[in-house]
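# Fold and geometry: a report
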Amino acid sequence: MKILPVVVIYNEDFLRSNVYLSLLKYYPNIEVVLYENSTRPINSKYSNRVLYFYDENNGGVSAGYNYASMIAKDRSDIEALLLLDQDTIFSSDYISRLEEELDRNNLDVFVPQVLFDGDKPFSPVSYSGFS
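Presented here is an overview of the structure given in this document. (Residues numbered from 1 in each chain as written. Predicted model: local features only at pLDDT ≥ 70, side-chain atom pairs only at ≥ 80, totals over all residues. Heavy atoms only, no water.)

This paragraph deals with the pattern of salt bridges. Applying the stated criterion across every chain, the model contains seven salt bridges. Note that R75 is salt-bridged to E31, the shortest N-O span being 2.7 Å. Residue R75 is located in the loop between α2 (60–74) and β4 (80–84), and its partner E31 is located in the loop between α1 (18–26) and β2 (32–36); the two are separated by 44 residues in the primary sequence. What makes E31 buried here is its relative accessible area of 17%. Among the ionic pairs, D93 bridges to R97, the shortest N-O distance being 3.9 Å. Residue class for D93 comes out partly exposed when judged on its relative accessible area of 30%. The network of salt bridges with shared partners includes K2, E31, R75 and D77. (Salt bridge = Lys/Arg side-chain N within 4 Å of Asp/Glu carboxyl O. Helix = DSSP H or I, 4+ residues; strand = E, 2+ residues; numbered from the N terminus. Buried < 20%, exposed > 50% of the residue type's maximum accessible area, 1.4 Å probe, protein only.)

As structure tokens, this is what we get:
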């Protein structure tokens with residue numbers, strides 16, 4: 001299974017972002033869609049593994065995801081999109097484990113549970129637990 005990571009950024013240097021540094025550290029040959037919603041392009045000089053698009057109209061996160069879905073539809077080698085933001089940090093085996101899970105369970109959508117403090121659900125959140 002080939003997964004295409006998608007990152008939508010706003011006013012941040014992608015080359016210094018957590019997602020770029022950790023993803024390419026562990027997966028140096030992976031392609032990434034970068035959809036930039038900045039007031040001006042921060043850095044448009046990327047390797048050919050970064051499929052870059054600058055949206056001067058700031059179409060938002062959904063515009064970035066829709067753009068990536070068009071790329072995936074046009075390419076027969078892409079089987080899944082991985083939606084990310086610039087703060088995502090990857091472990092060394094995340095993509096391979098995700099690919100195995102998608103293959104094993106024949107899933108159309110995979111939404112992992114996001115935790116904070118090691119074991120507390122991040123979303124949905126009950127506001128009664130916050131001070």
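From this point, things continue past the structure.
Right, let's talk about the environment of G118 for a bit. Looking at the element boundaries, G118 is found in the loop between β5 (115–116) and β6 (120–121). The class for G118 is exposed, based on a relative accessible area of 67%. Sequence separation between G118 and I9 is 109 residues; the distance between their C-alpha atoms is 26 Å.

With that out of the way, let us pick up α2. Between its terminal C-alpha atoms α2 stretches 22 Å, which fits the 21 Å expected from 15 residues at 1.5 Å a residue. Of the surrounding elements, those touching the buried residues of α2 are β1 (3–9), β2, β3 (50–54) and β4. (Expected span 1.5 Å × (residues − 1). Contact = heavy atoms within 4.5 Å.)

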